[in-house]
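Working through the structure, step by step
Here is how the chains run, residue by residue.
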Amino acid sequence: GIKQLSGDPIEDNVAIKRGAIVTCTVTDVASGGIEIEFGEPPMQTFIRRSDLSRDRSEQRPERFAVGDKIDAKVTSVDKSSRRVSVSIKALEISEDQEAVAQ
């Protein structure tokens, strides 16, 4: 099949490591969060509502539109279950910690 001929996105995306910052494109907006696509070759994952922002008032998936570009931080890469978790909230927290350190 075609999938067997193409490369493995988890193995081919060398830049995707825990703690990396990736630029994502929103592909779908749901009530529980947003579906995003990132990397080359493209990988898809889901950002839950609680990981959209640190502020509860900003944790609304409706504020995103399909096609939006956003930055997020990779929080975990699980090769056995083939799952990559990303979070905008983790990126905001790490940026605040850097600002305080400086």
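In this report, the structure presented in the accompanying data block is examined. Treat the numbers as computed from the prediction; the structure is a model and nothing was measured.

Quick notes on the rules
- Residues numbered from 1 in each chain as written.
- Predicted model: local features only at pLDDT ≥ 70, side-chain atom pairs only at ≥ 80, totals over all residues.
- Heavy atoms only, no water.
- Helix = DSSP H or I, 4+ residues; strand = E, 2+ residues; numbered from the N terminus.
- Buried < 20%, exposed > 50% of the residue type's maximum accessible area, 1.4 Å probe, protein only.
- Contact = heavy atoms within 4.5 Å.
- Areas by Shrake-Rupley, 256 points an atom, 1.4 Å probe, with all protein chains shown as cover.
- Pairing = 2+ DSSP bridges.
- Expected span 1.5 Å × (residues − 1).
- Arc of directions from axis to C-beta.
- Polar contact = N/O pair within 3.5 Å; in protein donor to acceptor, adjacent residues only side chain to side chain.
- Axes fitted to C-alpha atoms, helices over the stretch in contact; angles between N-to-C directions.

**Observations concerning the overall build of the protein chain**
A tally of regular secondary structure across the protein chain gives three helices and five strands. Taken from N to C terminus, the helices and strands of the protein chain fall in the order α-α-β-β-β-β-β-α. Considering the protein chain as a whole, with its 102 residues, one finds that 28% of them fall into the buried category. Of all intrachain contacts in the protein chain linking residues separated by at least 6 positions in sequence, the fraction that spans at least 24 positions is 52%. Put simply, the protein chain shows about 6700 Å² of open surface, and 48% of that area lies on carbon and sulfur atoms.

**Here's the deal with the pairing of strand 4 (residues 69-78)**
In the sheet, strand 1 (residues 21-30) pairs with strand 4 via five bridges, with the strands oriented antiparallel. Note on strand 4: the bridge partner recorded for Ile-21 is Lys-73. Direction of pairing for strand 4 relative to strand 5 (residues 83-87): antiparallel, over a ladder of five bridges. If you follow Lys-73 over to strand 5, its bridge partner there is Ser-87. Taking the residues between adjacent antiparallel strands as the criterion, strand 4 and strand 5 are bridged by four residues, where Arg-82 takes a positive phi near 60°.

**Things to note about helix 3 (residues 88-101)**
Here helix 3 contains 14 residues, and its C-alpha end-to-end distance of 20 Å stays within 8% of the 20 Å for a straight helix at 1.5 Å per residue. For helix 3, the complete set of buried residues consists of Ile-88, Leu-91 and Ser-94. All buried residues of helix 3 fall inside an arc of 125° around its axis, so they share one side. Those residues of helix 3 that are exposed and aimed more than 90 degrees away from the buried face are Gln-97 and Val-100. Considering only its buried residues, helix 3 is in contact with strand 1, strand 3 (43-48), strand 4 and strand 5. The N-terminus of helix 3 is capped by Ser-87, whose side-chain oxygen sits 3.2 Å from the backbone nitrogen of Lys-89.

**A closer look at the sheet that holds strand 5**
As summarised here, the arrangement of the five strands in space is 3-2-1-4-5, forming an open sheet in which the pairing is antiparallel. Because the sheet does not close on itself, it has two edges, and the strands there are strand 3 and strand 5. On average, each strand axis in the sheet is inclined to that of its neighbour by 50°, with strand direction left out of account. Most of the contacts of helix 3 go to strand 4, to which it runs at about 100°, and overall it touches strand 1, strand 3, strand 4 and strand 5.

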